[in-house]
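# Commentary on secondary and tertiary structure
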Amino acid sequence: MAQRAIWLVSHEPGTPHGGTVRFSRRYPTVEKRAKTFNGSSYVPLPEDDPFCKALLFELRLLDDDKDFVESRDGCSRISKASVYGLPIGGKELWPVLALQKNGLIYVSVPLVEQTLSAHPPLISISGISQAFDLLFGLIDFFDSGPRTEADLSTKVSQLPDLLLHICPFGTLLDSNFLLDNFSNLSIYQAPKQPAWKAGTYKGKPQVAVSITEKVKSMQYDKREVADMWQVYGTITCKCDLEGVMPNVTISLNLPTNGSPLQDILVHPCVTSLDSAVLTSSSVDIMDDSAFSGPYKFPFTPPLESFHLCYYTSQVPVPPILGFYQLKEEDSQLKITVHLKLHESVKNCFEYCEAHIPFYNRGPITHLEYKVSFGQVEVLREKSLLIWIIGQKFPKSLEINLSGTVNFNTMGHQKQPVDTICIGGTTYVKLYFRIPDYTLTGCYADQHSVQVFASGKPKITT
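Named according to an unreviewed UniProt entry, the protein is AP-5 complex subunit mu-1 originating from Vombatus ursinus. Recorded in UniProt for the protein, the comment headed Sequence similarities (unreviewed entry) runs: "Belongs to the adaptor complexes medium subunit family." A UniProt comment under Subunit (unreviewed entry) is attached to the protein, and it reads "Probably part of the adaptor protein complex 5 (AP-5) a tetramer composed of AP5B1, AP5M1, AP5S1 and AP5Z1."

Quick look at the structure:
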């Protein structure tokens, strides 16, 4: 006797979708039992939007739904018990209990503890009667008091605490209590101090959100070796808010041409998450899903600064394209380095420099070079050239460095040694930092942060 899920749907004639989901609650433990009991006939619960559309279609409440549909309107589908089967992804979600009153649709999906290859008699499903008790109790709750939009919103906000008391883990505790004493349930209990939160904040409320992205790129300039690059992002938060359990919701947004976020890993304080946020993976090459946001993270923040989430993203091209050529002639090396900043990248750096190391060759004794932009420093004892590009590329967005380097092979023993960088095998390593910019286009502004706590906080992003 348990419920897989509960919905509260508002019927809104004249709107594009015909209605919206005002509240939904799923019970994962019951869902796991349903998968075991139903076997091959198991139908997973859909997301809110497709469920709402299928429900309104089945109840004939869509504005443009005037045609006769045999599977729904035929004589074999006359419903006398408010129990329906919803077409979901080519399968049928059954049983679905739906009761309508005053523009609201109260819906529950009870657990069926047997296979659904053939619909069993309703009287044999113990969860059916429990679902009716629950829905009638909810109707009594929403019908009590004034029927204004403000009153409806207040009661919807009370539902999570209400269901926590009367229907924990999808099991209705006492139907008589639910029906007769709804108004006596205290859902305004003062929140208790959680064990993981050592204290509370006192002072001026403020919320700080920062987005940091790091790009790692390996460019080989060879047809037989593919170049590789990927962005790694971190969202860091610091919430100074009064109260025991303040709630905050942060929405991350992408522009139209932004790169979708993948491999999202969230902090344990995040209370709920849209499943679409978690489906995109960079590891599974067969996964072509792309969710472009907004990415919403509701959470109860700890006192200290913390990382709200981590993510990766595959941007179309690296921010800086590079070419490096090395030719060895006697005891000297001829080098050529060409760098190009992609036109889509912000041309404003906190710093930008290229490190050109030389291994297994001894200290640098002489350097002749020609550079089109920036300046070059020589660390002779470390056999290292540092090309300091500065804070901006020129208008052409392209820069070049060429030169000849001589070494003292006699001092080879004390110089940097590498077992891979032998002969013509070497590299240029580029370091840079761009402030107030993300490669993916991901951003959060003051309108992206919602705070449910006393006082109006200062929001910094």
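Having seen the model, we can carry on.
### Considerations on helix α1 (residues 28–38)
Residues of α1 that are buried include every one of V30, E31, A34 and N38, and no others. One side of α1 holds all its buried residues, which, seen down the axis, span an arc of 100°. Across α1 from its buried face, at more than 90 degrees, point the exposed residues P28, K32, K35 and T36. Contacts made by the buried residues of α1 are with β1 (3–11). At the C-terminal side of α1, G39 shows a positive phi close to 60°.

### As for the sheet that holds strand β10 (residues 295–299)
Judged by pairing direction, the sheet is antiparallel, and its three strands sit side by side in the order β10-β8-β20 without closing on themselves. Each edge of the open sheet carries a strand with a single partner, namely β10 and β20 (449–452). Averaged over all pairs of adjacent strands, the angle between their axes in this sheet comes to 10°, without regard to strand direction. Of the pairings in the sheet, the one linking strand β8 (residues 247–252) to β10 comprises five bridges and is antiparallel in character. Of the residues in β10, the one forming a bridge with T249 is P298.

### Some details on the nonpolar core
Core analysis: the biggest nonpolar cluster contains 35 residues, and L8, Y106, F142, L159 and L163 have the highest contact counts within it. Ignoring any residue separated from it by four or fewer positions in sequence, one finds Y106 in contact with W7, L8, L97, A98, L99, K101, L135, L138, I139 and F142.

### So, the packing of helix α4 (residues 126–143) against helix α5 (residues 149–166)
For the pair α4 and α5, the least separation of the axes is 11 Å and the interaxial angle reads 140°. Here α4 lies oblique to α5, going by the angle between them. Of the two possible hands of crossing, α4 and α5 adopt the one that is right-handed. Across from L134, L138, F141 and F142 in α4, the residues of α5 making contact are L152, K155, V156, Q158, L159, L162 and L163. Of the residues belonging to the contact of α4 with α5, the class tally is nine nonpolar, one polar and one charged.

### Comments concerning the sheet that holds strand β13 (residues 332–341)
Spatially, the four strands line up as an open sheet ordered β12-β13-β18-β15, and their pairing is antiparallel. One side of each edge strand has no neighbouring strand; the edge strands of this open sheet are β12 (320–329) and β15 (364–371). Averaged over all pairs of adjacent strands, the angle between their axes in this sheet comes to 15°, without regard to strand direction. Bridging between β15 and strand β18 (residues 398–407) involves seven bridges; their strand directions are antiparallel. Residue pairing across strands places K370 opposite S402, the latter belonging to β18.

The rules behind these values
Residues numbered from 1 in each chain as written. Predicted model: local features only at pLDDT ≥ 70, side-chain atom pairs only at ≥ 80, totals over all residues. Heavy atoms only, no water. UniProt positions renumbered as here; feature names shortened; annotations may be inferred. Buried < 20%, exposed > 50% of the residue type's maximum accessible area, 1.4 Å probe, protein only. Helix = DSSP H or I, 4+ residues; strand = E, 2+ residues; numbered from the N terminus. Arc of directions from axis to C-beta. Contact = heavy atoms within 4.5 Å. Pairing = 2+ DSSP bridges. Axes fitted to C-alpha atoms, helices over the stretch in contact; angles between N-to-C directions. Core = buried A, V, L, I, M, F, W, Y, C linked by side-chain atoms within 4.5 Å. Parallel < 35°, antiparallel > 145°, perpendicular 65-115°, else oblique. Left-handed = near helix turned anticlockwise from the far one by under 90°. Nonpolar A, V, L, I, M, F, W, Y, C, P; charged D, E, K, R; others polar.

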